[in-house]
Amino acid sequence: MLLLRLAIRNLWTHKWKTAIVGGLLTVGTLLVVVGQALLASLDLSMSQSIVHSISGHIQVSKAGAKDRLKLFGSPNDGTEIGHIEDFPRVRKALEALPGVEAVVPMGFNNAVVYGGNILDVKLAALRKAEREGDRTRTKALRNHVRRIVGLLRGELGNLEGFVDLSRQSTEDREGHAAVETAAHDAFWQGYDADPQQAMEFLENRIAPMAMGEEMMFLRYIGTDTARFTQSFHRFELVDGKPIPPGQRGFLFNKLNYEDTCKHKTARRLDKMQDRIAEGWTLKSDAELKQWMELNQRQYKEITYQLDDLGAADVRKALQAELGSQQADLQKLIQAFMAMDDKNFAKRYKLFYAAIAPYLQLYAVNIGDVLTINGLTDAGYPTSVNVPVYGTFRFRSLDKSALAGATSLTDMMTFRDLFGHMTADRREELQRLQQGSGIKAVAREDAEAALFGADSDADEAVELAAAPTGSGAAVAAVGRDASAPSTGLADAATDAAAADLARLDLKAGGRRYGRELFGRRYNQQEIDGGVVRHAAVVLKPGTDERAVLQAVRAASDRDKLGLTAIDWREASGLIGNFIGVIYAVLATALLVIFIVALVILNNTMVMATAERVREIGTLRAIGAQRTEILAMFLAEALVLGALFGTLGAGLGVGGVLWAQAVGIPAVNDVLVFLFAGPRLYPFVTPLHVGVGLLAAGFVTVLSTLYPAWLATRIEPVVAMQGAE
Amino acid sequence: MPDAIVTLQGVDKDYPLGAVVVRALQGVDLEIDAGEFTVIAGPSGSGKTTLLNLIGCVDVATRGTVTIDGANTHKLSERDLTRLRLHKLGFIFQSFNLVGVLDAFQNIELPLLLQRDLGAAARTERVRGLLEQVGLTAFAHHRPGELSGGQRQRVAIARALVSQPRIVLADEPTANLDSVTGAQILELMQALNRTGTTFLFSTHDPRVVERARRVVRMVDGRIDSDSAMSPAAAVSPAAAVSPAAAVSPAAALATLTPAAADHPAAATSV
């Protein structure tokens, strides 16, 4: 009682010191409470994002693999995580464990997809118009193709400024020469004489030159699509339809689809629209401005795609909008794209009404057959065709690039691309090679080697239409003369087929559809082959750690050869994010508390020095050393309790306020971490308790030394004079 | 029958000061009986404060024995010495030494809180009684900073008395007071002495010496003289100074008497 009174009186008397130290303690405690609350909330939201979109609660993969599984953050290229030897047995063993809802087989991989080449598309349309005898369209398309060739020549001309021509390959030099030929007036006079001959030249020699720009990078996960969609609650189909159970198919992640497949100008306008809807203005936002400038600069993205008829319509629409008599389409588009906050909405609408109909809005459309190019596990190039069924998103993560980066395909397509050589297959292949006398053939010589000198492309189509992934080496066509023949044979689809599939995806689709895409694989087939890793999805409310232990125990017991990690570890860099924030927060808190500690200690030592006579008097009139110590500790505790409570109160208030309004995710990484556009944090009594404890601990710790000093004061000092 | 509360036998006190040893007290023998009003006089550096410190148990003798109320202080632990100070001794300091953050009432109550013997009601009653005795009832809730020097010393006297000690030690109690206030304080202490409290002063103030019934003179760490004064001689100058001033301690005396009679009862009742 006396101690408390003395403590409070002392604190009250030294208001300023108390305020400074108290302020520090308040801020420290507030940070402890808020920090913990945010981290706990973040951990939960992150688990929502990661667990229910891709990773599941636990990921299992082959034990003892060279690299660790990382689902996010770093590309998977070249990571060797091995593969699960006997997935059906793994699945059976793990699904028997209590709390496990499903075990979903998976295979992560990267790929390249070539988007529809505009020259190919236009040439196909031209061929069709010629066939149908549509004079107007033929003329418009012919002029359009001619313009594209002209632009291509211009681009190659620009390139020559940068590239040492003498070091170009024969292939490149021949390509350049072909473009020169096609850009010449004489060629187009020749076109009118023999359109078929000219179109063939354009398709075979010029179109491949115009392709590079449309390369799109994909991350995909091959899985049991039916089980995936059932087990991952955040999965949601956006467009199209689900992949029929057991069948081959591809689902684009909507965000990735928009970002990579959509017409660049249209995509930028969409993003501008979204950002403006979030309250940003063209006037003040640098990013919006940058997009707008790109739209003006990249006018070719539009002009490239417009034939004469389209160009005329667009010209008319833009002249009307701009109130201009300008005839130059480039200038019109640039003026149109110079938007401001007032006219953006109107022009955005006009773009989709008047320009977009003449553009190929998406490089790949739902219903197309996509040719996925990648490297097999052994490192050889391969490509596989697969029908695109639609797009999907992970609920409330549709704006997150991290969650939006991964597309889905079936296990069979994955395996064809992953091309893992089982021992059986390798043996079979060797037998085939020996039997057939197969040899590596360079690309330049492939046509001659395969079909003889005067080959017809249609024959190649028929050959390439053989089902992929059958394990039979149909033909070995080298893209690269040095590539060993086994790898090429493994990649069953050859380069010619891939090119043709690009040329007319729909036609290819129909062809494959009959033979492969309609096939339904049974569960045994889906589970039976190579599985790189698998997600273990738990029933709601199951203790993740207990199951993780159980999975490890089951692997040891049944010799499954698995390594099991939780979602945090499996998600790689992102999973460490919490750890990083935690470290940052802990460091900040440590600094604050050390500062508080030093100041408080200093203050108390000074106070002790000032109070030597008072303490001596107390000792002289009969206060024990322990009572002096208790007096100091009481002061510290009162200080800690008072300002700790204040800080904790403010912290709880802050968190509750944030809970009410939500913390907005200002970028796509945060959308992912917040598992949605806003984070609604929560606070628990534990967070408050830890905050109060920290405040108490710091004050008591900082008081120990001065308190000890005080107990050393001899009562005799009370007798000394006032001086 | 006078019995010795304080007994010093052959007491030396050395202070090491660098390489030399300063002998503050040399062969001091002294007995103080209950009810005495004794002054230890002498010039600065004569050892009177050292002597008081030894008797007050805030310091220990280098040689010899100091016995307080039958307890040989040499044989007591630090803890027991503190307890002895708390229960048997009262201190009045030259600079009052009040706790600045506590008001007059709380300062007086302090030893009782440290003793933990009395309940809140009993404490309040005793503190109020003492405030009245020292004439500070109206200032009970003033902090030391809001009191004059004389008022502060009266608070200090009340604090020294509140635990009903066997002996009150006062180190130069008038040194920081003007002469009139000093006289009033001395009269208060004399009045309290008459009710049975033993007082021991250290001072070089001749006015204090004048009022003593026994004067122990110190010179160079030794007792130079130890003489009993006639009570009349001791009191007369004060009586001559202010008959009016003498009334107030008398009034205090009137209130104190029943309380003094209660002392043994109060002490045993807890």
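Residues numbered from 1 in each chain as written. Chains lettered and ligands numbered in written order. Predicted model: local features only at pLDDT ≥ 70, side-chain atom pairs only at ≥ 80, totals over all residues. Heavy atoms only, no water.

Some words on the sheet that holds strand 8 (residues 198-203) of chain B
All names here are of chain B. Strand order across the open sheet formed by 6 strands is 6-7-8-3-9-10, with mixed pairing between neighbours. Two strands close off the open sheet at either side, each with one partner strand: strand 6 (89-92) and strand 10 (222-228). Across this sheet, the average inter-strand angle for adjacent strands is 20°, counted without regard to direction. As defined by bridge partners, strand 7 (residues 167-171) adjoins strand 8 across 5 bridges and the pair is classed as parallel. Bridge pairing links Asp171 to Ser202 in strand 8. Here helix 2 (residues 78-88) sits on the sheet and contacts strand 6 and strand 7; the angle it forms with strand 6, its principal contact strand, is near 80°. (Pairing = 2+ DSSP bridges. Helix = DSSP H or I, 4+ residues; strand = E, 2+ residues; numbered from the N terminus. Axes fitted to C-alpha atoms, helices over the stretch in contact; angles between N-to-C directions. Contact = heavy atoms within 4.5 Å.)

A short note on the packing of aromatic side chains
Inspection of every chain in the model, using the stated rule, returns 18 aromatic pairs over all chains. Here the aromatic rings of A:Phe228 and A:Phe235 are separated by 6.2 Å at their centres, their planes lie at 90°, and the arrangement is edge-to-face. The pair formed by A:Phe228 and A:Phe235 is uniform in burial state, with each residue classed as buried. A ring pair is formed by B:Phe199 and B:Phe201, whose centres lie 5.9 Å apart and whose planes are at 15°; its orientation type is stacked. The residues B:Phe199 and B:Phe201 share a single accessibility class, namely buried. An aromatic cluster is defined as three or more aromatic residues linked by ring pairs; in this entry it consists of A:Phe228, A:Phe232, A:Phe235, A:Phe392 and A:Phe394. Here the basic side chain of A:Arg275 rests over the ring of A:Trp280, its NZ or CZ set 4.1 Å away from the ring centre. (Phe/Tyr/Trp six-rings, centres within 6.5 Å; stacked < 30°, edge-to-face > 60°. Buried < 20%, exposed > 50% of the residue type's maximum accessible area, 1.4 Å probe, protein only. Lys NZ or Arg CZ within 6 Å of the ring centre and 35° of its normal.)

So, the side chain of B:Arg211
All names here are of chain B. Relative to the helices and strands, Arg211 resides in helix 7 (residues 206-211). By relative accessible area, Arg211 is classed as buried at 8%. Of note is the side chain of Arg211, whose polar atom sits 3.5 Å from the side chain of Glu187. (Polar contact = N/O pair within 3.5 Å; in protein donor to acceptor, adjacent residues only side chain to side chain.)

Some words on the packing of helix 14 (residues 308-322) of chain A against helix 16 (residues 344-355) of chain A
Residues and elements named next belong to chain A. Taken N-terminus to C-terminus, the directions of helix 14 and helix 16 make an angle of 160°; their axes are 10 Å apart at the nearest point. By the criterion of interaxial angle, the relationship of helix 14 to helix 16 is roughly antiparallel. For helix 14 against helix 16, the interelement crossing comes out right-handed. Within the contact between the two elements, helix 14 uses Val314, Ala317, Leu318, Glu321 and Leu322 and helix 16 uses Lys346, Arg347, Leu350, Ala354 and Ile355. Of the residues that constitute the contact of helix 14 with helix 16, the class distribution is 7 nonpolar, no polar and 3 charged. (Parallel < 35°, antiparallel > 145°, perpendicular 65-115°, else oblique. Left-handed = near helix turned anticlockwise from the far one by under 90°. Nonpolar A, V, L, I, M, F, W, Y, C, P; charged D, E, K, R; others polar.)

Quick word on the pattern of salt bridges
Pairing between side chains of opposite charge can happen when the charged atoms of each approach one another. Residue and element names in this part refer to chain A. Scanning the entire structure with this criterion turns up 51 salt bridges over all chains. For the salt bridge of Arg91 with Glu95, the shortest nitrogen-to-oxygen distance reads 3.3 Å. Linking Arg91 with Glu95, this pair stays in helix 3 (residues 87-95), spanning 4 residues, or about one helical turn. The exposure class of Arg91 is buried, given its relative accessible area of 19%. Accessibility expressed as a relative area gives 28% for Glu95, which makes it partly exposed. (Salt bridge = Lys/Arg side-chain N within 4 Å of Asp/Glu carboxyl O.)

Structural notes on the sheet that holds strand 1 (residues 4-17) of chain B
All names here are of chain B. The 4 strands are arranged 2-1-4-5 in an open sheet whose pairing can be described as antiparallel. With one partner strand each, in any of the chains shown, strand 2 (20-33) and strand 5 (71-72) form the two edges of the open sheet. Of the pairings in the sheet, the one linking strand 1 to strand 4 (residues 63-68) comprises 5 bridges and is antiparallel in character. Within strand 4, the position partnered with Val6 by the bridge is Ile68.

Description of unusual backbone geometry
Residue and element names in this part refer to chain B. The phi torsion at Cys57 lies on the positive side, around 60°, for a residue other than glycine. Summarising the element assignment, Cys57 is placed in the loop between helix 1 (48-55) and strand 4. With a relative accessible area of 3%, Cys57 lands in the buried category. With a phi close to 55°, Arg116 is a non-glycine residue in the positive phi region. With a relative accessible area of 60%, Arg116 lands in the exposed category.

So, helix 28 (residues 612-620) of chain A
All names here are of chain A. Most of helix 28 sits out of view: 7 of its 9 residues are buried. When we look at burial in helix 28, the residues that qualify are Glu614, Ile615, Gly616, Thr617, Leu618, Arg619 and Ala620. Positive phi shows up at Gly622, right after helix 28, with a value of about 120°.

So, the confidence of the model for chain B
Residues and elements named next belong to chain B. Mean pLDDT over chain B: 82, with 84% of residues reaching 70 or higher. Confidence, read as mean pLDDT per element, is least for helix 9 (residues 243-269) in chain B (38) and greatest for strand 4 (93). In this model residues 232-270 is a low-confidence stretch, pLDDT under 50, and it forms 29 contacts with partners more than four residues away in sequence or in other chains. Interface confidence for the predicted complex, expressed as ipTM, amounts to 0.83; the pTM equals 0.63. (pLDDT = per-residue confidence, 0-100.)

Quick look at helix 10 (residues 254-261) of chain A
All names here are of chain A. Counting buried positions along helix 10 yields 6 of 8 residues, so the element is predominantly enclosed. Those residues of helix 10 that sit buried are Leu255, Asn256, Tyr257, Glu258, Thr260 and Cys261. Its buried side turned inward, helix 10 meets strand 3 (215-223), strand 5 (250-253), helix 11 (264-277), strand 7 (381-394) and strand 8 (406-410).

Some points on the interface of chain A and chain B
The extent of an interface is frequently quoted as the accessible surface area lost upon association of the parts. Taken together, the contact pairs 25 residues of chain A with 28 residues of chain B. Between chain A and chain B, a total of about 2600 Å² is buried, with carbon and sulfur atoms accounting for 58% of that surface. Where chain A packs against chain B, one counts 2 salt bridges. Across the pair B:Arg116 and A:Glu627 runs a salt bridge, and its minimum N-O distance is 2.8 Å. On inspection of chain A and its partner chain B, the count reaches 8 residue pairs in polar contact (both at pLDDT 80 or more). Of all the elements in the fold, those that place two or more residues in the side of chain A that touches chain B are helix 1 (2-13), helix 28 and helix 29 (625-661) of chain A. For the side of chain A that touches chain B, the per-class residue count stands at 11 nonpolar, 7 polar and 7 charged. (Buried area = accessible area lost by both parts, 1.4 Å probe.)

Comments concerning the pairing of strand 2 (residues 100-114) of chain A
Residues and elements named next belong to chain A. Taken across its 15 residues, strand 2 has 13 buried, putting it largely inside the fold. Pairing of strand 2 with strand 9 (residues 533-538) involves 6 bridges; the strand directions are antiparallel. Bridge assignment links Met106 to a residue of strand 9, and that residue is His533. As paired strands, strand 2 and strand 3 are joined by 9 bridges and run antiparallel to one another. Among the inter-strand pairings, Val113 is bridged to a residue of strand 3, identified as Met216. In this structure, strand 2 lies alongside strand 6 (residues 369-375), joined through 2 bridges in antiparallel fashion.

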